[in-house]
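Coordinate inspection notes
Chain by chain, the residues run as shown.
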Amino acid sequence: MSQSRHTKHPADTHDPLHDRRPNILFIVADDLGWADLGVYGQTDYPTPHLDRLADQGVRFTQAYSNSAVCSATRFALITGRYQYRLRGGLEEPIAKPAHYLGLPPEHPTLPSLLADAGYHTALIGKWHLGALPHFGPLNSGYQKFFGNYSGVIDYFTHKPGVGEHVPRDLWEDDVPVERVGYYTQILADEASRYVQQQARADKPFFLSLHFTAPHWPWVGPENESVSRSLSDLFHYDGGNLATYGKMVQSLDTAVGQVLKALDESGQAQNTIVVFTSDNGGERFSKTWPFTGQKTELLEGGLRVPTLLRWPQRLAPQISDQVTITMDWLPTLLAAVGLAPHPDYPSDGENILPALTGDRSPWQRTLFWRYKSQAQRAVRQGDWKYLKINDNEFLFDVVQDQRERANLRHRHPEVFAQLKTLWGQWNETQLPITDEVFTHGVTPDIQADRYAPDKSQRIRA
C-alpha cells in the first residue's frame, strides 16, 4: 500500500505555471545498488540531496529494472516495451560498435511522443542505444544531446577505452567536443545550465539526465591519477568501498545541484522529477537485504532505488506498488495528458492512480530473461519463479527477501503455473540466439561467484 508521511497535500493555489504542462526531469544512475542511498539503508556515507528528494516525494519499495544490465533496460525505458521486442534490446549489453544494433529511428519513444506534443527534449549523459551514423538521440526524439554514445567512458579522459589511440566519446549533438574535469560534475553543469535556459522558454521540457556514475572504472572526483594510470576500464584490480562511496556522493551532489537550479529558476513546483537506476548494483554496491547483483535475476540485480517528486500533484508517500522501468512511458505520458502510440502499445502500465489514491496498489506479472547462466524469472503477486542454469526456485519475495527458502516443492501448483507463464510469454518475444552478446560475473574475476562441487553438498 502507499503510505503518506505527511498530512499536508500539494497546494491547490493558482500560479501561472499551473496552466502549462509539467516539465519532466528523468534522472538515471548507472549500476546504483538498492541500498546505496541513505534513505534505502546506506550508513557508510551521506546522500543528503537524494534523501531530501525522497522525503519530498514518493519512495518506491518494489521498483524493478527491466534488465540486470544497462542498454537492455534503456531500450525498455525509452520505448515503454519489453526490450526483447527489438534486436538491439537482446544484447546484454551493446558492447561493441556494431552499427546494425540500436534503437530503430522509426520506433516511437518517450522523447519523440513528448516532442510531438510540444515539449523541448534533451538528453544529457549516457545514450548506449546504438552508434552513429544509424542511431542516436537526435534520431529518436531528442532535440538536444550532450554526452557519451557508448556504455562507459572514463571519468577524466572521457574515453571508452585506454590509450592515446582511443578517441574521446564526448559529443554535443553529433559533433565531438572536449571538456576538462570529472564527468559526473560536467553532466551536472550541463544539466543545470539547460534547466536555467528552459525557464525562459515558452514550452515545457523533458530532460533525460543519464549519469554514468557509479559505473566502473572505480575513480572518485579526486582520483585523476588513478584514471590516468588505468590499463583497462574494467578495472578488475582496483576499487574499494571508500572510493565507491565518493563516487555515489559525487552523484548525490550533482543531483542536488540540478534540483537547486530547478528551485532557483522557479520551476520546481511544476516539474516531475524521477530518479532511478538502470539495473542493480555491481561489486562494491550495497544491496541489502537482497542477494545478487548486476547481470543476475536475483533481487539484487533487478530491484532499484526509485524516487518520484511532483509537488503540484502528489503528496509525499512511501509506495509499495510494484513497478518496472517500462512503466515510466505510459505513466509520464498520462501525467501530461498523452498516451502511447497506438501502433506500439506499451507493455508497461500507468501507475499514477496508485500514487494519487484513485486506485489501491495492484498485483503485477512481470517477466525477465538473461542469457548468461540461462536465467529466467517471473514475478506474480508476491511469488517469484527463478531459473539459473538447471536450478529452479520458487520464492515469496515479500516474506523472504533474501531468496533463500525454495518453496517449489511446498507449492508445486504455483511453481508449475509461473513456469508455464514464462514459457508462454517467451514465445511472444524475439529469440535469444548464439549471436547475442552477454556479460556475466564469473569466478575468475569475482571470488564470491565460485562454482561449488555438488558432490560435497551435505544432506540432512
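Right, let's walk through the structure included here. Just so it is clear, the model here is predicted, and its values are computed rather than measured.

**Focus on the overall build of the protein**
- Secondary structure summary: the protein contains ten helices and 17 strands in total.
- Rg of the C-alpha trace for the protein: 21 Å, near the compact-globule value of 23 Å for 460 residues, within the 12% margin.
- Counting only C-alpha atoms, the protein reaches 70 × 55 × 45 Å along its principal axes.
- Out of the 460 residues in the protein, the part that is buried amounts to 58%.
- Counting contacts in the protein only where the partners sit at least 6 residues apart, residues at least 24 apart contribute 71% of the total.

**A word on the sheet that holds strand E16 (residues 383-388)**
- Taken together, the four strands give an open sheet; going across it, the order is E14-E15-E16-E17, and neighbouring strands pair in antiparallel fashion. Looking along the sheet, the strands with just one partner apiece sit at the ends: strand E14 (365-370) and strand E17 (391-396). Strand-to-strand, the axes of this sheet are offset by a mean angle of 10°, without reference to chain direction.
- As judged from the six bridges shared by E16 and E17, these two strands associate in the antiparallel manner.

**Here's the deal with helix H6 (residues 241-264)**
- For H6, built from 24 residues, the straight-helix expectation of 34 Å at 1.5 Å per residue is met to within 8% by its first-to-last C-alpha distance of 34 Å.
- A side-chain oxygen of the first residue of H6 lies 3.1 Å from the backbone nitrogen of Ala 242; this N-cap is Asn 240.
- A positive phi of about 75° marks Gly 266, the residue just after H6.

**Observations regarding the environment of Glu 92**
- Assignment of secondary structure puts Glu 92 in the loop between helix H2 (70-79) and helix H3 (110-116).
- For the pair formed by Glu 92 and Ala 72, sequence separation is 20 residues and the distance between their alpha carbons is 6.5 Å.
- Those residues in contact with Glu 92 that sit more than four places away from it in its chain are Val 69, Arg 369, Tyr 370, Lys 371, Ser 372, Phe 437, Thr 438 and His 439.
- A distance of 2.9 Å separates a polar side-chain atom of Glu 92 from the backbone nitrogen of Lys 371.

**As for the packing of aromatic side chains**
- The tally for this structure, following the rule as stated, stands at 22 aromatic pairs.
- Centroid distance Trp 218 to Phe 284: 5.1 Å. Interplanar angle 90°. Geometry classified as edge-to-face. Here Phe 284 lies in the loop between strand E10 (271-277) and helix H7 (299-302) and Trp 218 lies in the loop between strand E9 (205-210) and helix H5 (224-228), a separation of 66 residues in the sequence. Of the two residues, Trp 218 and Phe 284, both sit in the buried class.
- Taken together, Tyr 82, Tyr 84, Phe 367, Trp 422 and Trp 425 form an aromatic cluster joined through their ring pairs.

**Some thoughts on the pattern of salt bridges**
- Applying the stated criterion across every chain, the model contains 23 salt bridges.
- For the salt bridge of Arg 74 with Asp 30, the shortest nitrogen-to-oxygen distance reads 3.7 Å. Here Asp 30 lies in the loop between strand E2 (23-29) and helix H1 (48-56) and Arg 74 lies in helix H2, a separation of 44 residues in the sequence. This pair shows no difference in class: Arg 74 is buried, exactly as Asp 30 is.
- Among the ionic pairs, Glu 190 bridges to Arg 193, the shortest N-O distance being 3.1 Å.

**A closer look at the nonpolar core**
- With 55 residues, the main nonpolar core has Leu 25, Leu 207, Leu 209 and Phe 275 as its most contacted residues.
- Elements with a minimum of two residues in this core: E2, H1, strand E5 (120-126), helix H4 (183-198), E9, H6 and E10.
- Ranked by residue count, the leading element in this core is H6, at ten residues.
- Ignoring anything within four residues of it in the chain, the contact list for Phe 275 reads Ile 27, Ala 29, Leu 32, Leu 37, Leu 50, Leu 53, Leu 251, Val 255, Pro 305, Thr 306 and Leu 307.
- In this structure, Ile 94, Leu 308, Leu 333 and Ile 351 belong to the second largest nonpolar core, which totals 40 residues.

**Observations regarding the layout of surface pockets**
- Here the largest pocket is characterised by a volume of approximately 1200 Å³.
- Lining the largest pocket are 30 residues, with Ile 388, Asn 391, Phe 393, Tyr 450 and Pro 452 positioned closest to its centre.
- Elements supplying a minimum of two residues to the lining of the largest pocket: E16 and E17.
- Looking at the lining of the largest pocket element by element, the count peaks at three residues for E17.
- Across the lining of the largest pocket, the residue classes break down as ten nonpolar, eleven polar and nine charged.
- Considered as a void within the structure, the second largest pocket measures approximately 860 Å³ in volume.

**Focus on the side chain of Arg 303**
- Along the chain, Arg 303 turns up in the loop between H7 and strand E11 (306-309).
- At a separation of 2.9 Å, a polar atom in the side chain of Arg 303 contacts the main-chain carbonyl oxygen of Thr 61.
- Side chain to side chain, Arg 303 and Tyr 64 meet in a polar contact 3.4 Å long.

**A short note on empty space enclosed by the protein**
- One pass over the structure, following the stated rule, counts five cavities of 30 Å³ or more.
- Taken as a whole, the largest cavity encloses approximately 100 Å³ of empty space.
- Around the largest cavity, the lining comprises 13 residues; the ones closest to its centre are Leu 77, Ile 78, Tyr 142, Ser 208 and His 210.
- At the level of elements, H2, H3 and E9 are the ones that each hand at least two residues to the lining of the largest cavity.
- Broken down by class, the residue content of the lining of the largest cavity amounts to ten nonpolar, two polar and one charged.
- Forming the boundary of the second largest cavity are Trp 216, Phe 234, Tyr 236, Glu 282, Arg 283, Gln 293, His 439, Gly 440, Val 441, Ile 445 and Gln 446.
- Grouping the constituent residues of the lining of the second largest cavity by class yields five nonpolar, four polar and two charged.

**Some remarks on the environment of Pro 353**
- Counting through the fold element by element, Pro 353 comes out in helix H9 (residues 352-356).
- In contact with Pro 353, not counting residues within four places along its chain, are Asp 358 and Arg 359.

**Section: the pairing of E14**
- A large share of E14 lies buried, amounting to five of its six residues.
- Summarising the sheet, E14 and strand E15 (residues 375-380) pair through six bridges and their orientation is antiparallel. Its bridge partner being in E15, Trp 368 is matched across the sheet by Ala 377.
- Hairpin connection of E14 to E15: four residues between the antiparallel strands, including Gln 373 at a positive phi of 65°.

Definitions and cut-offs
- Residues numbered from 1 in each chain as written.
- Predicted model: local features only at pLDDT ≥ 70, side-chain atom pairs only at ≥ 80, totals over all residues.
- Heavy atoms only, no water.
- Helix = DSSP H or I, 4+ residues; strand = E, 2+ residues; numbered from the N terminus.
- Rg over C-alpha atoms; globule rule 2.2 N^0.38 Å.
- Buried < 20%, exposed > 50% of the residue type's maximum accessible area, 1.4 Å probe, protein only.
- Contact = heavy atoms within 4.5 Å.
- Pairing = 2+ DSSP bridges.
- Axes fitted to C-alpha atoms, helices over the stretch in contact; angles between N-to-C directions.
- Expected span 1.5 Å × (residues − 1).
- Polar contact = N/O pair within 3.5 Å; in protein donor to acceptor, adjacent residues only side chain to side chain.
- Phe/Tyr/Trp six-rings, centres within 6.5 Å; stacked < 30°, edge-to-face > 60°.
- Salt bridge = Lys/Arg side-chain N within 4 Å of Asp/Glu carboxyl O.
- Core = buried A, V, L, I, M, F, W, Y, C linked by side-chain atoms within 4.5 Å.
- 1 Å grid on protein atoms, 1.4 Å probe; cavity = no way out; pocket = protein on both sides within 12 Å on 5 of 7 lines; lining within 4 Å.
- Points joined across faces, edges and corners; volume = space filled by probe spheres on them.
- Nonpolar A, V, L, I, M, F, W, Y, C, P; charged D, E, K, R; others polar.

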